[in-house]
Amino acid sequence: LKIGGPAEFFVEPKTLDQLRGVLKFCKQNGTPIRMLGGGFNLLVRDDPGPGAVMRLTGPEFGWVESHGSSVRAAGGGTLFDLIAHAVKAGLSGLETLVGLRGSVGGSVRCNVGDKAGEIAACVRRVAVLTDDATEQIRGRDELTFGDHTSDLDEPVILWVEFDLDPDSPDAVLKRMRKAWVTRKAREPLSFQPAVRLFRDPPGQSAAALVDRAKLAKTRVGGAEVSDRNGAYAIAHPGNTARDLLKLIDTVRDKVKDATGVSLDRELNVW
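Residues numbered from 1 in each chain as written. Predicted model: local features only at pLDDT ≥ 70, side-chain atom pairs only at ≥ 80, totals over all residues. Heavy atoms only, no water.

### Let's talk about the packing of helix 2 (residues 79-88) against helix 4 (residues 169-185)
Item 1. Taken N-terminus to C-terminus, the directions of helix 2 and helix 4 make an angle of 145°; their axes are 8 Å apart at the nearest point. For the pair helix 2 and helix 4, the contacting residues are I83, V87 and K88 in the first and P169, V172, L173 and M176 in the second. (Axes fitted to C-alpha atoms, helices over the stretch in contact; angles between N-to-C directions. Helix = DSSP H or I, 4+ residues; strand = E, 2+ residues; numbered from the N terminus. Contact = heavy atoms within 4.5 Å.)

The structure is reproduced here in structure tokens:
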């Protein structure tokens, strides 16, 4: 959304040694540290944020490799590149996630997906760095995933290994294209800066509930409920984080009054 206050420190390590050094420094000095992935499910408040924000960029944190039906991807790489690699290799399981944006690490941490499937279904192992820069590898039986959540609370996801199913590249590509069209048809237009606000309640649709409450195009300052999908907000020029937070509260209250359903926020807020 390109809004929100500045970070006290912003760090982009280029090597694993630099990354370990940042983690150790922050721990020794009591400096809070946050990992910024793609930022597509994130709202940063308007006030300056204390501590360090770290983003992993560069080749050492963006590689993807495959061996047989297994694909391993660095946490700082993009979900799009991971999916494209799997499709070209004739490996199925991730193609229904096409159109979801973010980093590999952030996507696994947040367990991205929808009714067509979640990324957790393909995860075999995850390598993390703890706050004292110790590397740990957690197997699938050591991980817990929920609806857009996981118990991955270590500062850094170094890499993720996925178990996929062999299939013809043409068949995987066909399913990917279908998933792309379906997803884009129910999202705000691509030129609109937008973010998803609410999770779907069990067995229901957040967008449908917002529509039932007749809240399409409800606006607070520069933030507006999308008329294409009521679970999303569009950010107009001049929008602030404060506008979005107030819009979330307004929509949640009115949906509760109109339908009796309490919507849970999907958007992460710093």
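### Considering the sheet that holds strand 2 (residues 33-35)
Item 1. With parallel pairing, three strands are arranged side by side in an open sheet as 1-4-2. Each edge of the sheet is formed by a strand with only one pairing partner; in this case those strands are strand 1 (7-11) and strand 2. Mean inter-strand twist for the sheet, computed between neighbouring axes without regard to direction, equals 30°.
Item 2. As judged from the three bridges shared by strand 2 and strand 4 (residues 49-54), these two strands associate in the parallel manner. (Pairing = 2+ DSSP bridges.)

### Things to note about the nonpolar core
Item 1. Counting 30 residues, the largest nonpolar core has L94, V108, V126 and F162 as the members making the most contacts within it.
Item 2. Here this core takes five residues from helix 2, the largest share from any one element.
Item 3. The next biggest cluster of nonpolar side chains, apart from the first, holds 27 residues, and it includes V220, Y232, A241 and L245. (Core = buried A, V, L, I, M, F, W, Y, C linked by side-chain atoms within 4.5 Å. Buried < 20%, exposed > 50% of the residue type's maximum accessible area, 1.4 Å probe, protein only.)

### Examining unusual backbone geometry
Item 1. Phi at K2 is positive, roughly 60°, even though this residue is not glycine.
Item 2. Along the chain, K2 turns up in the segment before strand 1.
Item 3. Not every positive phi belongs to a glycine, and N111 is a case in point at roughly 50°.

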